[in-house]
Amino acid sequence: MSPDKHYFKDIIYVSDGHIRRADVLVEEGIIAFINNKEELPPTTALANSIGEESAFGAPSLLLPGIIDEHVHSREPGLTQKGDLTTETHAAAAGGVTTILDMPNVVPQTTSLEALADRFDLGARHSFVNYSFYFGATNSNAHLLSQLDPSTVPAVKLFMGSSTGGMLVDRGEALDAVFQQSPLPIMAHCEDSDIIARNMRQAQQHYGDDPDVSHHPEIRSREACLCSSRLAAELARKHNKHLHIAHVTTAEELTLAHPRHFEQPFSSLPEKGSAGLITLEACVPHLLFTDEDYSTLGTRIKCNPAVKTRADRDALRQALTDGRIFTIATDHAPHLLTDKQGGCKRAASGMPMVQFSLPAMMQLVEEGVLPITQLVQLMSHNPARLFSIEGRGFIRTGMKADLVLLRRTPWTLTPERIVSRCGWSPLEGRTFTWQVEETYCNGHLIYNKGIFAEGNTHAQRLRFER
């Protein structure tokens with residue numbers, strides 16, 4: 001399958017902190033030429049500046065393809081919920097051209113053989129660009145030095161329970177992971193002892209399966225902060241790059257290392273960015289608060305828990321002041337039957353990869369962050385964080401991973417959902433921006449609800465380390 005040739009005439013594109021009107025030519029899977037014509041002010045008034053019909057149709061935006069660094073495709077072993085085929089089609093429908101997939105599947109990606117098997121599955125089934133994390137356990141730190149830094153993005157470390165048996169909770173095992181990893185460490189930080197204590201107390205008051213409204217009391221801010229602080233201490237001790245996944249509390253924002261704040265749009269991280277502590281925010285924690293449990297119930301149950309409005313607002317503020325480095329989804333599809341029950345029985349996680357970009361564009365519309373910052377957090381910074389080769393920017397010579405958005409209001413109804421689980425906590429919401437076209441390595445893979453055939457356009461990622 002050869003890449004298509006595409007010519008975007010008088011398109012408005014966003015990259016490297018700029019909003020520009022330009023002609024953009026794509027050939028042989030690469031952005032071959034950019035003819036910049038006009039600089040537009042990089043403000044949250046962007047929507048107003050392009051909100052009128054032009055000679056070439058409804059207002060539209062060309063962005064770098066979204067890099068979602070935190071996805072659970074569920075393959076292998078949990079494919080009744082989703083698989084690489086269904087969930088990467090959902091990604092493409094949402095303008096996501098690259099995913100980094102988590103290791104807590106069945107079997108877990110905690111051996112070199114399991115990792116090789118997953119790369120084989122990716123080649124056969126992924127509809128967008130892909131790579132897979134290697135999962136740390138209490139007993140596999142000796143394998144970490146054997147990982148290839150050019151093909152594996154990071155080591156995923158679960159420091160909280162309910163993660164499919166991958167909890168690393170022994171002090172010597174945690175120390176060994178940080179000591180021996182040649183890669184960045186991406187950590188899920190929740191203290192299991194605190195969670196267990198809180199669950200016992202909640203069960204004494206509310207019964208065996210407390211209502212989901214108590215989920216943020218059980219998976220508490222104390223549990224998050226205690227674990228995150230420990231991870232930060234270990235990272236500093238061993239001079240390793242720690243990326244804390246899905247932060248949920250205002251207090252955790254203080255852990256961000258200031259060094260990366262000075263990195264310009266045009267730069268990759270320093271080679272061997274040891275000593276950095278970077279933070280990821282996930283879409284559910286930027287959208288929902290504990291007030292939403294009363295209407296959405298277990299549909300928004302996830303780990304770590306959605307917390308207070310004050311926490312959500314602090315996370316939103318941190319999107320623009322440098323403390324949050326990336327936005328991801330923690331896309332975790334479950335069947336609705338899995339979501340029945342309360343804090344104990346209902347599964348944690350929700351599908352989000354298809355609608356993360358439209359949802360974040362609503363925050364742009366509301367003035368929470370400028371469009372240039374959204375692109376930095378969802379495209380530029382994930383590429384910089386993992387040193388992803390040739391992706392994440394609209395620049396001459398880069399891979400043509402692109403998404404075309406059109407300013408056309410629409411409402412999320414069930415028939416739009418591509419994920420196998422068939423539901424979304426965002427159903428019924430109206431969005432201003434719609435993903436119209438998605439390009440992966442120069443191929444038009446999604447066009448107004450129609451998907452390309454096959455998956456030979458998708459590529460396994462390479463990391464420049």
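So, here's what we can say about the structure. Please read these numbers as outputs of a predicted model, since none were measured by experiment. (Residues numbered from 1 in each chain as written. Predicted model: local features only at pLDDT ≥ 70, side-chain atom pairs only at ≥ 80, totals over all residues. Heavy atoms only, no water.)

Here we have six strands laid out as an open sheet, ordered β8-β9-β10-β11-β12-β13, and parallel in their pairing. Every interior strand has two partners, whereas the edge strands, β8 (134-135) and β13 (326-328), have only one. Note: strand β11 (residues 242-244) against strand β12 (residues 277-282), three bridges, orientation parallel. When the bridges of β12 are listed, L242 appears paired with I277. Running at roughly 160 degrees to strand β9 (residues 155-159), helix α4 (residues 171-180) makes contact with β9, β10 (185-189) and β11 of the sheet. (Pairing = 2+ DSSP bridges. Helix = DSSP H or I, 4+ residues; strand = E, 2+ residues; numbered from the N terminus. Contact = heavy atoms within 4.5 Å. Axes fitted to C-alpha atoms, helices over the stretch in contact; angles between N-to-C directions.)

On to empty space enclosed by the protein, then. If you walk through the whole model with that rule in mind, you get four cavities of 30 Å³ or more. A volume near 40 Å³ is recorded for the second largest cavity. Around the second largest cavity, the lining residues are T248, H285, F288, V306, K307, T308, D311, R312 and L315. If you tally residues by element for the lining of the second largest cavity, the top one is helix α10 (residues 309-318), at three residues. By residue class, the composition of the lining of the second largest cavity is three nonpolar, three polar and three charged. (1 Å grid on protein atoms, 1.4 Å probe; cavity = no way out; pocket = protein on both sides within 12 Å on 5 of 7 lines; lining within 4 Å. Points joined across faces, edges and corners; volume = space filled by probe spheres on them. Nonpolar A, V, L, I, M, F, W, Y, C, P; charged D, E, K, R; others polar.)

This part takes up unusual backbone geometry. Put simply, E75 and P76 share a cis peptide bond, and its omega is 5 degrees. Locating P76 in the fold gives a position in the loop between β5 (66-71) and α2 (84-93). Going from V106 to P107, the amide bond is cis rather than trans, its omega being 0 degrees. In this fold, P107 is placed in the loop between β6 (96-101) and α3 (112-125). Unusually for a residue other than glycine, D330 sits at a positive phi of about 55 degrees. Given the relative accessible area of 14%, D330 is considered buried. At S387, a position not held by glycine, the phi torsion is positive, near 55 degrees. (Buried < 20%, exposed > 50% of the residue type's maximum accessible area, 1.4 Å probe, protein only.)

The next point concerns helix α11 (residues 356-365). Along an α-helix, residues three or four apart share an orientation, since each turn contains 3.6 residues. Counting buried positions along α11 gives nine out of 10 residues, so the element sits mostly inside the fold. Those residues of α11 not exposed but buried are S356, L357, P358, A359, M360, M361, Q362, L363 and V364. Within two residues after α11, G367 carries a phi angle of roughly 85 degrees, on the positive side.

Where helix α5 (residues 192-206) meets helix α7 (residues 221-238), the axes come as close as 8 Å, and the angle between the chain directions of the two elements is 165 degrees. Between α5 and α7, the angle is such that the two are roughly antiparallel. Once α5 is placed against α7, the crossing between them reads as right-handed. Two secondary-structure elements touch here, α5 through I194, I195 and R197 and α7 through E222, A223 and C226. Classifying every residue of the contact of α5 with α7 by side-chain character gives four nonpolar, no polar and two charged. (Parallel < 35°, antiparallel > 145°, perpendicular 65-115°, else oblique. Left-handed = near helix turned anticlockwise from the far one by under 90°.)

For soluble globular proteins, nonpolar side chains are generally found buried alongside one another. Judged by nonpolar contacts, the single largest core of 102 residues is most densely connected at L157, L242, I324, M360 and L374. Looking at this core element by element, the count peaks at six residues for α11. If sequence neighbours within four positions are ignored, L242 has contacts with F178, I185, A187, A231, A232, A235, L276, I277 and T278. The next biggest cluster of nonpolar side chains, apart from the first, holds 30 residues, and it includes I11, V24, I34 and M102. (Core = buried A, V, L, I, M, F, W, Y, C linked by side-chain atoms within 4.5 Å.)

If you trace the three strands from one edge of the open sheet to the other, you get β5-β6-β7, paired in parallel fashion. Edge strands, defined here as strands with exactly one partner in the open sheet, are β5 and β7 (129-132). If you compare each strand with its neighbour and ignore which way they point, the axes differ by 20 degrees on average. Lying over the sheet, α3 contacts β6 and β7, oriented at roughly 170 degrees with respect to β7. Its contacts with the sheet place helix α12 (residues 371-386) against β5 and β6, and it is angled at close to 60 degrees to β5.

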